[in-house]
Amino acid sequence: MWKWPQEVVDWLIENVPGRTTKEVTALINQQGFSEKYGMVFTEEIIKGAKSRFHIRSGTPTGNPKGYSVKYPKGMAEYVESIAQGKSTAELVEAVNRKYGAGTIGIRQMKAYKRNHGINTGLTGQFEQGHVPANKGKKMSAEAYAKAAATMFKKGNVPANHMEVGEYTHTTDGYLIQKVQETGIQRERFEFVHRRVWEEHNGPVPEGKMVGFLDGDKDNCSIENLVLLDCAENLELTRRGLRFSNAESTKAGVAVAKLSVAAKRKGKEKKVEHGNE
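Each chain carries its own residue numbering, running from 1 in the direction its sequence is written. Residues qualify for local features only when their pLDDT is at least 70, as the model is predicted, and side-chain atom pairs are given and counted only at 80 or more; totals for whole chains, interfaces and linings, by contrast, use all residues. No hydrogens and no water enter the side-chain calculation; it runs on all heavy atoms of the structure.

**Considering the overall build of the protein chain**
Basically, it comes down to this: Working definition: helices are DSSP H or I runs of at least four residues, strands are E runs of at least two. Numbering for both runs from the N terminus. Here's how the labels work: a residue is buried when its accessible area is under 20% of the maximum for its type, exposed when over 50%, partly exposed in between, all with a 1.4 Å probe on protein chains only. In what follows, a contact means two residues having at least one pair of non-hydrogen atoms within 4.5 Å. The protein chains shown are the only cover counted for residues, whose accessible areas, like all others here, come from Shrake-Rupley with a 1.4 Å probe.
A tally of helices and strands in the protein chain yields 12 helices and five strands. Relative to its full complement of 276 residues, the protein chain shows a buried share of 31%. Taking the contacts inside the protein chain whose residues are at least 6 apart along the sequence as the reference set, 47% of them involve residues at least 24 apart. About 18,600 Å² of surface is accessible on the protein chain, with carbon and sulfur atoms providing 52% of the total.

Printed below as a string of structure tokens:
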């Protein structure tokens, strides 16, 4: 079973509401996730994902034509006319007040704005020079008493603090090691498999990725690592050429590379003939 990347799950949560499975399948295959994660998306797989992550589309059942919910006529123009400076929640409230309760929800409105190119002008960030409402104000004794129990004391070290050199895993199961205390997460942690590859072969080229021949992401020995590009990684998945045996996968990689090279050569010839 796939380990669904959080980026893909978030995309589904954002885009499934208001769309049929057929529409979602067509749309997700335009996002580049297949190449990035080596995943294949079909209507059956999308149905399974909706069930697995409890995502409801809100579209009518038993519709053989696959049409999504139709919003009231003129709604797009109305939303666009009032959108400037309003949050998604405010737009939902206004639409439901005008067209009836339940016309649209938060998730659907987010997708609706994006699909209709509606810009509210809000960035979700404070503008430069913004002065917080509580600036210069002391916390009341009552508020301090409520917050005191969860405040960090000076010099406090969180219970889950990791020391430099310790290992952990990402949500996708990759082994990472803490290499420094400061900086953003990608500066404080290194992917062990990438580091091992680069120690033996130099930097991973742009557009390439390092894979595991036996499928075990904890096995970061150089003998178990292979360099692939997105197309080759996808070809391995499509053809079912990944195995728990490293030698078998190595043979599968060779087949995938030949197949991708042949496809690219065919495209080049088409371009050449088209320019003649």
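**Describing helix H6 (residues 88-99)**
We apply this condition: Here the expected length of a helix is defined as 1.5 Å per residue gap, with one fewer gap than residues.
Counted at 1.5 Å a residue, the expected span for H6 with its 12 residues is 16 Å, and the 16 Å between its end C-alpha atoms agrees. Within H6, burial applies to Thr88, Leu91, Val92, Ala94, Val95 and Asn96. Taken from the residues just after H6, Gly100 is the one with a positive phi, measuring 115°.

**A few points about the sheet that holds strand E1 (residues 167-169)**
Our working rule: In this analysis, strands are considered paired if DSSP registers two or more bridges between them. Lines fitted to C-alpha atoms define the axes here, with helix axes fitted over just the stretch in contact, and angles between the N-to-C directions of these axes take values from 0 to 180 degrees.
Strand order in the open sheet formed by three strands is E1-E2-E3, and the pairing between neighbours is antiparallel. The sheet is open, and its two borders are formed by E1 and strand E3 (189-191), each paired with just one other strand. With direction set aside, neighbouring strand axes in the sheet form an average angle of 35°. Judged from the three bridges that link them, strand E2 (residues 175-178) and E3 form a sheet pairing that is antiparallel. Note on E3: the bridge partner recorded for Lys178 is Phe189. Packing against the sheet, helix H10 (residues 192-201) makes contact with E1, E2 and E3, and its axis sits at approximately 65° to E3.

**Some thoughts on the side chain of Thr25**
With respect to the helices and strands, Thr25 occurs in helix H2 (residues 21-28). Here Thr25 falls in the buried class, since its relative accessible area comes to 8%. Beyond its immediate sequence surroundings of up to four residues, Thr25 is in contact with Phe41, Thr42, Glu43 and Ile46.

**Concerning the environment of Glu181**
Quick note on the threshold: Here a polar contact is recorded for every N or O atom pair within 3.5 Å, except that within protein the pair must consist of a potential hydrogen donor and a potential acceptor, and residues adjacent in sequence are included only if both atoms are side-chain atoms.
Structurally, Glu181 is set in the loop between E2 and helix H9 (185-188). Glu181 sits in the partly exposed class, given a relative accessible area of 39%. The spatial distance from the C-alpha of Glu181 to the C-alpha of Val164 is 6.7 Å, given a sequence separation of 17 residues. Discounting residues that sit within four places of it in the chain, Glu181 has contacts with His161, Met162, Glu163, Val164 and Arg188. One polar contact links Glu181 to Lys178, side chain to side chain, over a distance of 3.0 Å.

**Things to note about the pattern of salt bridges**
For the record, the criterion: Salt bridges are defined as contacts in which a side-chain nitrogen from Lys or Arg sits within 4 Å of a carboxyl oxygen from Asp or Glu.
Overall, the coordinates contain 12 salt bridges when judged by the stated rule. Here Lys178 ties to Glu181 by a salt bridge, and the two come within 3.0 Å at their closest N and O atoms. Judged by relative accessible area, which is 5%, Lys178 ranks as buried. The partner of Arg239 in a salt bridge is Glu235, and the shortest N-O contact between them spans 2.7 Å.

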